[in-house]
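Analysis of the macromolecular model
Listed below are the residues making up each chain.
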Amino acid sequence: MRKIVHIDMDAFYASVEQRDDPQLRGKPVVVAWRGSRSVVCAASYEARKFGVRSAMPAVRAERLCPNAVFLPPDFPRYRAVSRQVREIFKRHTDLIEPLSLDEAYLDVSENKTRLPTATQVARTIREQIRSELSLTASAGVAPNKFLAKIASDWKKPDGLFVIQPKEIDSFLSPLPVDRLPGVGKVTEEKLKHLEIQTIADLRRMDLPTLEGRFGRYGVRLYELARGIDKSEVVPDRPTQSISAEDTFQQDVLLTETEPMIRKLAEHTWAASRNESRIARTVVLKLTTSEFKILTRSYTPPSPPSSCEELTSIALSLRDRVDLNAAQRFRLVGVGLSNFRELDDASAQSTLFA
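The notes below deal with the structure included here.

Calculation criteria
- Residues numbered from 1 in each chain as written.
- Predicted model: local features only at pLDDT ≥ 70, side-chain atom pairs only at ≥ 80, totals over all residues.
- Heavy atoms only, no water.
- Salt bridge = Lys/Arg side-chain N within 4 Å of Asp/Glu carboxyl O.
- Helix = DSSP H or I, 4+ residues; strand = E, 2+ residues; numbered from the N terminus.
- Phe/Tyr/Trp six-rings, centres within 6.5 Å; stacked < 30°, edge-to-face > 60°.
- Buried < 20%, exposed > 50% of the residue type's maximum accessible area, 1.4 Å probe, protein only.
- Contact = heavy atoms within 4.5 Å.
- Pairing = 2+ DSSP bridges.
- Axes fitted to C-alpha atoms, helices over the stretch in contact; angles between N-to-C directions.
- Parallel < 35°, antiparallel > 145°, perpendicular 65-115°, else oblique.
- Left-handed = near helix turned anticlockwise from the far one by under 90°.
- Nonpolar A, V, L, I, M, F, W, Y, C, P; charged D, E, K, R; others polar.
- Expected span 1.5 Å × (residues − 1).
- Arc of directions from axis to C-beta.

The subject of this paragraph is the pattern of salt bridges. In this structure the tally under the stated criterion is 21 salt bridges. Across the pair Arg126 and Asp158 runs a salt bridge whose closest N-O atoms are separated by 2.7 Å. With Arg126 in helix H5 (residues 118–133) and Asp158 in the loop between helix H6 (145–152) and strand S8 (160–162), this pair connects stretches of sequence that are 32 residues apart. The structure contains a network of salt bridges with shared partners spanning Glu17, Arg19, Asp20, Asp74 and Arg77.

This is how it looks when you write it as structure tokens:
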């Protein structure tokens, strides 16, 4: 049986801002760009008391908490702190699967520091984050990833919660089904039609019925309701894509998107420089004022070798968007995908030379 720890930094971006500026401590802090189209990246717990949440429109956050301090995100700084947190993880295990800058799974079935229990590993990691970085983290400890993630949210902020194997059934049974991964509003409504609202209700459904109703996901529902999750912690998961996107203050014509495309190409190129592999495909994403998403992509004979080349390809992809000239757009994004090892990319480049 595995011993999994899920670490989730508390209000990470906002907490970094409060740590680095003592005048912000104790105040409601919202990390977001100002503007009618901006969304909240993070909110301090002081701001959350007013109902402010991540991914909420920034204008709504401002209405809920007019006295909040709004700060533009500083992702290079957050990434630097995230790397410091990761170094603390590495003292205890090499089996680390980052989910984002502020959370990760750790398999501590065997830990480097030879602590006797996973709970002690989690407690030590939290103490080290607090003493060395002046930040707090919540942790969940359980026999698998699914349960560990639920546990880390159980006593937020600055909490530690453990689900022992013998406690799985009693812990899961009363929970609403929307606590299961993948159960969104649509699936939740389908389950309600079957008179299933809690995980205990779901456990009364047999496997053939769930599979018949939900296909392959029915099998997953059957297993999760019983606390079964066989997925492993996968360290150093290869990057599939890198992108940057932004929403315009006002909807714009396609011909007016060039400045934003250039800016986003610079962000994407800078982020790609941290990768040991090479991206071969350039992707342009556009969202119309009616929320229709369009993507165009191109894989050149050799990978883009500079920011200028990436920008040029992204702009050429814009020319492949064949819509009415009066069509307006609310969002644009530039991405890189189809990552390959450097030797593979070089071989392909030579092949097409």
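Following the structure, the description resumes.
What follows deals with the packing of aromatic side chains. A complete count under the given rule lists eight aromatic pairs for this structure. Summarising the aromatic geometry, the rings of Phe12 and Tyr13 are spaced 5.9 Å apart at their centres and angled 50° between planes, so their arrangement reads as tilted. Accessibility expressed as a relative area gives 4% for Phe12, which makes it buried. In this structure Tyr13 comes out as buried when scored by relative accessible area, which is 15%. Here the aromatic rings of Phe75 and Tyr78 are separated by 5.9 Å at their centres, their planes lie at 85°, and the arrangement is edge-to-face. Here Phe75 and its partner Tyr78 are both found in helix H4 (residues 75–90), three residues apart, which amounts to about one turn of the helix. Its relative accessible area of 25% is what places Phe75 among the partly exposed residues.

Here Arg280 shows up in strand S10 (residues 278–288). Expressed as a C-alpha distance, the spacing of Arg280 and Val334, which sit 54 residues apart in the sequence, is 14 Å.

The topology assignment puts Glu17 in helix H1 (residues 12–20). Filtering out sequence-adjacent residues up to four positions away, Glu17 remains in contact with Leu24, Val31, Leu71, Pro72, Asp74, Arg77 and Tyr78.

Let us now look at the sheet that holds strand S9 (residues 241–253). Across the sheet, which stays open at both edges, the four strands sit in the order S9-S12-S10-S11 with antiparallel pairing between neighbours. Both outer strands of the open sheet, S9 and strand S11 (293–298), are each paired with one neighbouring strand and no more. Taken pair by pair, the neighbouring strands of this sheet meet at an average axis angle of 15°, ignoring direction. Here nine bridges tie S9 to strand S12 (residues 328–340), and the two strands are oriented antiparallel to one another. Counted as the bridge partner of Ser243 is Gly335 from S12.

Viewed as axis vectors pointing N to C, H4 and H5 meet at an angle of 140°, and their least axial separation amounts to 10 Å. Between H4 and H5, the interaxial angle falls into the category oblique. As H4 runs across H5, the sense of the crossing is right-handed. Residue-level inspection shows Gln84, Val85, Ile88 and Phe89 of H4 in contact with H5, the latter providing Ile125, Gln128, Ile129, Glu132 and Leu133. By residue class, the composition of the contact of H4 with H5 is six nonpolar, two polar and one charged.

The α-helix advances 3.6 residues per turn, and as a result positions three or four apart in sequence lie on the same side. Given a rise of 1.5 Å per residue, 15 residues ought to cover 21 Å, and the 21 Å separating the end C-alpha atoms of helix H12 (residues 258–272) matches this to within 8%. Every buried residue of H12 is listed here: Met260, Ile261, Leu264, Ala265, Thr268, Trp269 and Ser272. Seen end-on, H12 carries its buried residues on one side only, within an arc spanning 165°. Next to the buried residues of H12 lie S9, S10, helix H13 (307–318) and S12.

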